[in-house]
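The residues making up each chain are set out below.
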Amino acid sequence: MSLNDQWRRVRARLHAELGEATFNSWFKQVELIGVGDGRVMLSVPTRFIRNWIASHYADRLSQLWADEDEGFTRVDILVAAGDPKSDGSEEAARSARPISAPAHAESQPAASAIPSGLEDAGVGAPLDPRFTFDAFVVGKSNELAHAAARRVAEATDVSFNPLFLYGGVGLGKTHLMHAIAWEIRTRQPERKVLYLSAEKFMYQFVRALRFKDTMAFKQQFRSVDVLMIDDVQFISGKDSTQEEFFHTFNALIDHNRQVIISADRSPSDLEGIEERIRSRLGWGLAADIHPTDYELRLGILQAKAEEMIQKNGPVTIPAGVLEFLAHRIVSNVRELEGALKRVVAYASFVGRPITLDMSQEVLRDLLRSNDRKITIEEIQRRVAEYYNVRLADMLSARRARAVARPRQVAMYLAKQLTSRSLPEIGRKFGGRDHTTVIHAVRKIDELCHLDSGIEEDVDLLRRMLEGGHGPN
Ligand code: ADP
Ligand code: MG
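Thresholds, definitions, all that
- Residue positions are given per chain, counted from 1 along the sequence in the order it is written.
- Working convention: letters from A go to chains and numbers from 1 go to ligands, in the order in which they are written.
- Reporting of local features is limited, given that this is a predicted model, to residues whose pLDDT is at least 70; pairs of side-chain atoms are given and counted only at 80 or more, and all residues count toward the totals for whole chains, interfaces and linings.
- Derived side-chain values reflect all non-hydrogen atoms in the structure, with water molecules and hydrogen atoms excluded from consideration.
- The helix and strand labels rest on DSSP assignments: H or I over at least four residues marks a helix, E over at least two residues marks a strand, and numbering proceeds from the N terminus.
- A 1.4 Å probe rolled over the protein chains alone gives each residue an accessible area, and that area as a share of the maximum for its type sets the label: buried under 20%, exposed over 50%, partly exposed in between.
- Contact between two residues is taken to exist if any of their heavy atoms lie within 4.5 Å; hydrogens are not considered.
- Areas reported as accessible are Shrake-Rupley estimates using a 1.4 Å probe. Residue values count occlusion only from the protein chains shown.
- The criterion is simple. A nonpolar core is a set of buried Ala, Val, Leu, Ile, Met, Phe, Trp, Tyr and Cys residues joined through side-chain atoms within 4.5 Å.
- Either an automatic procedure or a domain database provided the assignment from which the domain bounds are taken.
- Note on terminology: near, applied to a residue and a molecule or strand, indicates that one of the residue's heavy atoms is within 4 Å of it.
- For the purposes of these results, a polar contact is taken to be a pair of N or O atoms within 3.5 Å, where, inside protein, one atom must be able to donate a hydrogen and its partner to accept one; residues adjacent in sequence count only when each atom of the pair is a side-chain atom.
- Pairs of strands are assigned from DSSP output, requiring at least two bridges between the strands.
- Note on definitions: angles span 0 to 180 degrees between N-to-C directions of axes, and those axes are lines fitted to C-alpha atoms, for helices only across the stretch in contact.

Enquirer: Where do I start with the overall build of the protein chain in this structure?
Expert: Secondary structure summary: the protein chain contains 21 helices and eight strands in total. Each of the 472 residues in the protein chain was classed as buried or not, and the buried ones make up 49%. Across the protein chain, the fraction of contacts at a sequence separation of at least 24, relative to all contacts at a separation of at least 6, is 74%. As presented, the protein chain carries roughly 23100 Å² of accessible surface, and 51% of it is formed by carbon and sulfur atoms.

And the structure:
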């Protein structure tokens, strides 16, 4: 078995485990340098990628290599020469070819070439002063996007080009882009940063066409150091704009300028955008922002509450109210923020302290639309996974404790999280009687009071189900 075959297999397994987008972001540019002394030496183009792989995938990589050959006991990741931020280990990696050569070319002194007054001319969009890194709360779901945004904002070289941020509505894409722009303005005011929405880009382009002024249009865009285009999914379909966007994009990347793009979906899922553009969009780093989990929502609410207090003076927001909102407003951060503001505004308007009851009352409509329909099947599946029993055991007549307890937990959650009646729930659990369900609900209720282990299990499962996704 040749070393290259082993490397190919390790890569294939990573690809299968991580999926296309994640694999491309981290492992596409990893190269095998060689092996020796039980060490496998890999090279990556930047220190950022090295650190990320080391902190997130080191164990998995070692394991995969050990699966190939027990003799491999260590995996070393070196930064290929070329990244100015790389550490001493590049000596060893000198033989490694820097992968995207143009991205590491010496960056030109920027200011001189840049015509000033770009934003005054109304090309860019204004930046929201609230959208800074300081105001951005980091959690598991946005950790990667945040780290990449920071890297781009702090680097003097071009890190990954383009940085492609994607995720659902209201999860912080625009916030991160503005934060990058603010940060660069503070750190490197000589760099020209241009932020605009894809819609505005199209509008500008159409106008330039009408006034037969496309030269100036091109010039404006191609003279920036950092171009950010928000919500690029809106460019789909419009052929000539796509073409222009693509040329602008290519020109900037070829000139080693940083491009940052956002969209509501991954590059490969962008419909109505030409294949060659789509694939080029995925060349750099594609970082997705996942839906928030409970902890992040609570963290964001606490930060926003603090901000409100600093701005508008003291308000008392009971912790229980924040927890309640974090539990129940799961759709997106914008709605979460809006909910908090509504509660605070209402309380100050009627001159009463904020309470849970009041919050429920004020937010009735919002809460209803946030009620995700959780199905009994979903509960059964989750609970079975969680306790490591077979899904079939949820429905079976087996009474062994190892399956009976998880089954009771699932019934309990079905009662709590769905609007199904007791007989309906019983039927879904292998045709059991409704009294069995009542018994299960009582039992679990009782156990939650006696046994904090069960209470935690139930709580965690409830959060996973309400959040619509797993603990990761
Ligand atoms: P998107 O562009 O992804 O639709 P935005 O960036 O406009 O979403 O975010 C919507 C709102 O939620 C903004 O007010 C933003 O400040 C806030 N927000 C989103 N994510 C976070 C976060 N992690 N920390 C703090 N505020 C956030
Ligand atoms: Mg946005």
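Enquirer: Explain the nonpolar core to me, please; I cannot follow it from the model alone.
Expert: A general trend in soluble globular proteins is that nonpolar side chains are found buried together. Formed by 52 residues in total, the largest nonpolar core has its most connected members in W26, I53, L61 and I180. No other element matches helix α5 (residues 143–154), which puts seven residues into this core. Among the domains, domain 1 (3–96) and domain 2 (131–289) are the pair contributing at least three residues each to this core. With residues up to four places along the chain from it excluded, the contact list for I53 reads W26, F27, V30, V44, A58, L61 and I77. Counting residues in each nonpolar core, the second largest holds 29 residues, with I229, F246, I261 and L281 among its members.

Enquirer: Could you clarify how one ought to interpret the site of ligand 1 in this entry?
Expert: In the region of ligand 1, 18 residues are neighbours, and V137, G170, T174, H175 and E337 sit closest. Within the side chain of T174, a nitrogen or oxygen atom sits 2.7 Å from an oxygen atom of ligand 1. In the environment of ligand 1, an oxygen atom lies 2.6 Å from a nitrogen or oxygen atom belonging to the side chain of E337. Burial of ligand 1 by the protein chains amounts to 94% of its free accessible area of 560 Å². Put simply, the parts of the chain that give the shell around ligand 1 at least two residues each are α6 (173–187), α11 (294–312) and α13 (333–350).

Enquirer: Would you take a moment to explain the sheet that holds strand β2 (residues 39–44) for this structure?
Expert: Each strand in a sheet pairs with another by means of backbone hydrogen bonds, the pair being arranged parallel or else antiparallel. Taken in spatial order, the three strands make up an open sheet running β1-β2-β3, and their pairing is mixed. Only two strands of the sheet have a single partner each, and these edge strands are β1 (31–36) and β3 (74–79). Here the strands of the sheet are splayed against their neighbours by 25° on average, with no regard to which way each runs. Pairing of β1 with β2, which is carried by five bridges, proceeds in the antiparallel orientation. Looking at β2, one finds that G36 is bridged to R39. Packing of helix α1 (residues 3–18) onto the sheet brings it into contact with β1 and β2, and relative to β1 it is tilted by some 125°. Relative to β3, helix α4 (residues 58–68) is tilted by about 125°, and along the sheet it contacts β1, β2 and β3.

Enquirer: Would you explain helix α3 (residues 47–56) in this entry?
Expert: Since the α-helix turns once every 3.6 residues, residues separated by three or four places project in the same direction. When α3 is considered as a whole, its buried residues turn out to be F48, I49, R50, W52 and I53. Those residues of α3 hidden inside the fold are in contact with α2 (20–26), β2, α4, β3, α5 and β8 (285–289).

Enquirer: Which parts of the structure should I look at to understand the sheet that holds strand β6 (residues 226–230)?
Expert: One open sheet accounts for five strands, arranged β5-β6-β7-β4-β8; its pairing is parallel. Edge positions in the sheet fall to β5 (193–197) and β8, since each of these pairs with one other strand and no more. The sheet shows a mean angle of 15° between the axes of neighbouring strands, direction not considered. Pairing of strand β4 (residues 163–167) with strand β7 (residues 258–263), which is carried by four bridges, proceeds in the parallel orientation. Across the sheet, the residue bridging to L165 is S262, located in β7. Along the sheet face, helix α7 (residues 198–210) touches β5 and β6 and points at about 95° away from the line of β5. Helix-sheet contacts for helix α9 (residues 239–254) involve β6 and β7, and the interaxial angle to β7 is about 140°.

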